[in-house]
Amino acid sequence: MAYDLLIKSGRIIDGSGRPAYTGDLAIQDGRIAEIGKLDGSARRVIDADGLAVCPGFIDIHTHYDAQVLWDPLFSPSSWNGVTTCIMGNCGFTIAPCKPEDRDYLMHMLARVEGMSLEALQAGPEWDWVSTGEYIDAVDKPLAINVGCLVGHSAVRYYVMGEASLEREATADELGRMKDLLRQGMAAGAVGFSTSKARTHVDWSGNPIPSRFSTHQEVHELVQVLGEFNFGSVEMTPGSLPGIDDEEREAMIRMSRDSGRFLNWNELFQSPAAPDAWRGVLDFLASASRQGARIFGICACQPTTQDWDLLDNNLLLLTLPEWNEVLTKPIQEKLRLLADPAYRDRIRAGIDRGWDQGPPPLKWDIGLVAEPKRPENQRFAGIGLRELGASQGKHPLDAMLDLAVAEGLRTGFAFKASRNLDDDAVAEIMRSPYTILGISDAGAHVNMLSGAEYSTHVLGHWVRERGVLSLEDAVKKLTFMPASLLGFTDRGLLSPGMAADVLVFDPETVRPLPKEKAFDLPNGDERIIVRSQGIHHTIVNGQPVMEDGRHTEAFPGRVIRSTDYVSVP
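Thresholds, definitions, all that
- Residues numbered from 1 in each chain as written.
- Predicted model: local features only at pLDDT ≥ 70, side-chain atom pairs only at ≥ 80, totals over all residues.
- Heavy atoms only, no water.
- Pairing = 2+ DSSP bridges.
- Helix = DSSP H or I, 4+ residues; strand = E, 2+ residues; numbered from the N terminus.
- Salt bridge = Lys/Arg side-chain N within 4 Å of Asp/Glu carboxyl O.
- Buried < 20%, exposed > 50% of the residue type's maximum accessible area, 1.4 Å probe, protein only.
- Polar contact = N/O pair within 3.5 Å; in protein donor to acceptor, adjacent residues only side chain to side chain.
- Axes fitted to C-alpha atoms, helices over the stretch in contact; angles between N-to-C directions.
- Parallel < 35°, antiparallel > 145°, perpendicular 65-115°, else oblique.
- Left-handed = near helix turned anticlockwise from the far one by under 90°.
- Contact = heavy atoms within 4.5 Å.
- Right-handed = clockwise from strand over helix to strand, strands pointing away.
- Nonpolar A, V, L, I, M, F, W, Y, C, P; charged D, E, K, R; others polar.
- Phe/Tyr/Trp six-rings, centres within 6.5 Å; stacked < 30°, edge-to-face > 60°.
- Lys NZ or Arg CZ within 6 Å of the ring centre and 35° of its normal.

Asker: Outline the sheet that holds strand β14 (residues 261–267), listing residues and values.
Answerer: Strands in a sheet are paired, the pairing made by backbone hydrogen bonds, and the direction either parallel or antiparallel. Here we have six strands laid out as an open sheet, ordered β11-β12-β13-β14-β15-β19, and parallel in their pairing. For this open sheet the edge positions go to β11 (150–151) and β19 (434–437), each flanked by a neighbour on one side alone.

What follows is the structure in structure tokens.
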């Protein structure tokens, strides 16, 4: 027979973790037809001699909910070998959404996920109400596959309005939330997400709706997924970098009672609590022994985070003194940040710190990244502590003097301040209870790009450090997330499976340096990272990316719960 596509002589890494072998892979009608020594003809043949062939990567933590409306390529994820992504994490979804609530959800998304409000406002109109209507709006020609979660904050605000920012839900309100989640799952959503993270605040600097929920509220919502015997739960706890005893008990009960997989965001090694990760791994193992399925998403790439004092400052908002000023209009910001008395308040807050780790402005890791005025270019790359010392000032005064003089447009950055212990990260990555990530792709686009986590794993942790074998890394990037999500037809190279396939060079694959792209709907900038070494990205049997270039094909699709289960 004539296949649609035949990949010849590749090193087959099937996603199972089994040793690689040399073979051919045939694709027909969007599915893997055969694997082995194949002699049939094909409409197209790819010579993969010397290259690896594996399933496409599955990214379970993205925030493309808005970007997908104007970027069906899902860049930069598709440039880094991702063929399926899950969006709607941390409880932040843009459906369900009443017309009168669109402004609040848009502002919340802009603030907490570091998206340009102007870009969101310039993007396509939000003309849906229900989760099902939103999924239908997304279900258009796409480059890769996508699954949608139902977000707790969106559901809570839909039912409770402003009261969701003030109190616990009543029994009636919780019942209506469960109905909305049930409707969303029946319409095709693939799970539920929530957050208690103290860094998650809305446009006004107030805690997001899900932070006012009780563990019992979340527990009852999660049980809705149990009714479908399908769907995953994503949870961002409020006690990072560890998990406190109350959250541990609640998470075990949620997973065990519903029978659903729960992933929590995110597991990393923190200098402020250098051994907390060991306790988390012990907890994940204990949860498994108690009948729960709880996995941590392992942050495996360094993150240098860009920020400013104009509007890209989420990292600072956890400190009340920063939150108070940075949520005000620009003229008021300028006035307060130039005021010596208010600076003293900020300084006292930084020195005091907060109850979740080190202070959210650390002089030793902060630096001047992008001064705007010509006379200030000499400060580029200088650390904030060094800047202050060179001027005989406290670092805060030196930083604020520079920022105020440039209308708060000065670009600053935090150097990587976690996962600095490679041995700790290696042990976290090797744990059977961790999934590799976290990309956060589609969010914080003016601060960082995390979509390159996959190529960083292959280039740094596999090739350069030898922490994981290529087979184990591929398993953690493909079959492991697919099986936990319940996507039984993806993540594995086997006859009958969906033909989401990568062809890459293990000797050269890596992320390229970050760039700035000015391609948001209003022309605003974002940070992107491309990759090298991925020769072919195939989605549902059709090549989408070839040597970093889009083929103009859009074979991706919305993955729905109804693809795998009957609606109860």
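Past the structure itself, the notes keep going.
Asker: Help me get a handle on the pattern of salt bridges, residues and values and all.
Answerer: Within this structure, the stated rule accounts for 33 salt bridges. Close ionic contact of Lys 178 with Glu 220 constitutes a salt bridge, the shortest N to O distance being 3.3 Å. You can see Lys 178 sitting in helix α5 (residues 171–186) and its partner Glu 220 sitting in helix α6 (residues 215–228), a full 42 residues away along the chain. Residue Glu 227 pairs with Arg 182 through a salt bridge whose shortest N-O separation is 2.8 Å. Taken as a pair, Glu 227 in helix α6 and Arg 182 in helix α5 lie far apart in primary sequence, 45 residues in all. With a relative accessible area of 42%, Glu 227 lands in the partly exposed category. On the basis of relative accessible area, Arg 182 is assigned to the partly exposed category, the value being 27%. Members of the salt-bridge network, linked through shared partners, are Arg 343, Asp 344, Arg 347, Lys 393, Asp 397 and Asp 401.

Asker: Mind laying out the side chain of Asp 24, listing which residues take part and the relevant values?
Answerer: Along the chain, Asp 24 falls in strand β3 (residues 21–28). When its relative accessible area of 2% is taken as the criterion, Asp 24 is described as buried. Reaching out from Asp 24, the side chain makes a polar contact with the backbone nitrogen of Ser 9 at a distance of 2.8 Å.

Asker: Describe unusual backbone geometry, with residues and values.
Answerer: Cis rather than trans, the peptide bond between Ser 75 and Pro 76 has omega equal to 10°. Here Pro 76 lies in the loop between β8 (57–62) and β9 (82–87). With an omega of 5°, the peptide bond between Asn 265 and Glu 266 qualifies as cis. Within the secondary structure, Glu 266 sits in strand β14. Look at Ser 9: it is not a glycine, yet its phi comes out positive at around 60°. Structurally, Ser 9 can be placed in strand β2 (residues 5–12). Classification of Ser 9 by relative accessible area gives partly exposed; the value is 28%. Non-glycine residue Asp 547 carries a positive phi angle of around 50°. With respect to the helices and strands, the residue Asp 547 is situated in the loop between β26 (542–546) and β27 (549–550). For Asp 547, a relative accessible area of 43% gives the class partly exposed.

Asker: Explain the packing of helix α15 (residues 453–464) against helix α16 (residues 470–477) residue by residue, including any values.
Answerer: Relative orientation of the contacting elements α15 and α16 amounts to 160°, with a least axis distance of 11 Å. Our classification of the angle between α15 and α16 gives roughly antiparallel. Crossing geometry of α15 relative to α16 is assigned as right-handed. Mapping the contact onto sequence places Tyr 453, Ser 454, Val 457, Leu 458 and Val 462 in α15 and Leu 470, Ala 473 and Leu 477 in α16.

Asker: Tell me what's going on with helix α1 (residues 102–112), and back it up with residues and numbers.
Answerer: Of all eleven residues making up α1, ten are buried, and the element is well covered by its neighbours. Elements that come into contact with the buried residues of α1 comprise α2 (117–122), α4 (152–160) and α9 (320–326). The positive-phi residue at the C-terminal boundary of α1 is Gly 114, with phi of around 60°.

Asker: Kindly report on the pairing of strand β12 (residues 191–195), identifying the contributing residues and their values.
Answerer: Remark: a regular strand shows side chains that alternate across the two faces of the sheet. Judged by how many residues are buried, β12 sits mostly within the fold: five of five residues are covered. Of the two faces of β12, the one lined by Gly 191, Ser 193 and Ser 195 and the one lined by Phe 192 and Thr 194 are each fully buried. Alignment of β11 against β12, held across two bridges, turns out to be parallel. When the bridges of β12 are listed, Val 150 appears paired with Phe 192. As paired strands, β12 and strand β13 (residues 232–236) are joined by five bridges and run parallel to one another. Counterpart to Thr 194 in the pairing with β13 is Met 235. Following the chain from β12 across α6 to the adjacent parallel β13, one finds a crossover that is right-handed.

Asker: Lay out the packing of helix α14 (residues 422–430) against α15 with the relevant residues and their values.
Answerer: Two elements in contact, α14 and α15, have axes separated by 12 Å at closest approach and are oriented at 115°. In terms of their interaxial angle, α14 and α15 are classed as roughly perpendicular. Taken as a pair, α14 and α15 cross one another with a handedness that is left-handed. Contacts between α14 and α15 involve Asp 422, Val 425 and Met 429 from the former and Val 457, His 460 and Trp 461 from the latter. Taken together, the residues that form the contact of α14 with α15 break down as four nonpolar, one polar and one charged.

Asker: Before we move on, can you summarise the environment of Asp 103 with the specific residues and values?
Answerer: Structurally, Asp 103 can be placed in helix α1. Classification of Asp 103 by relative accessible area gives partly exposed; the value is 48%.

Asker: So, the sheet that holds strand β18 (residues 411–414): which residues are in play, and what are the values?
Answerer: On the basis of which strands lie adjacent, the open sheet formed by three strands has the order β16-β18-β17 and antiparallel pairing. On the outer flanks of this sheet lie β16 (305–307) and β17 (366–370), each paired with one strand and no other. The average angle at which neighbouring strand axes cross in this sheet is 35°, direction not considered.

Asker: If you had to explain the packing of aromatic side chains to someone new, which residues and values would you point to?
Answerer: One pass over the full model with this rule turns up ten aromatic pairs. Pairing Phe 295 with Tyr 433 gives two aromatic rings, centres 6.3 Å apart and planes at 50°, and the pair type is tilted. Placement of Phe 295 in strand β15 (residues 293–299) and of Tyr 433 in the loop between α14 and β19 is noted, with a sequence separation of 138 residues between them. Seen from their ring centres, Trp 307 and Phe 412 are 4.9 Å apart, and the 25° between their planes marks the pair as stacked. Pair noted here: Trp 307 is in strand β16 and Phe 412 is in strand β18, with a separation of 105 residues, a long-range link. The class of Phe 412 is buried, set by a relative accessible area of 1%. A network of ring pairs unites the aromatic residues Trp 126, Trp 128 and Tyr 134 as a single cluster. The side chain of Lys 98 reaches across the aromatic face of Tyr 158, ending 5.0 Å from its centre. Over the face of the ring belonging to Trp 79 we find Arg 530, whose NZ or CZ atom lies 4.2 Å from the ring centre.

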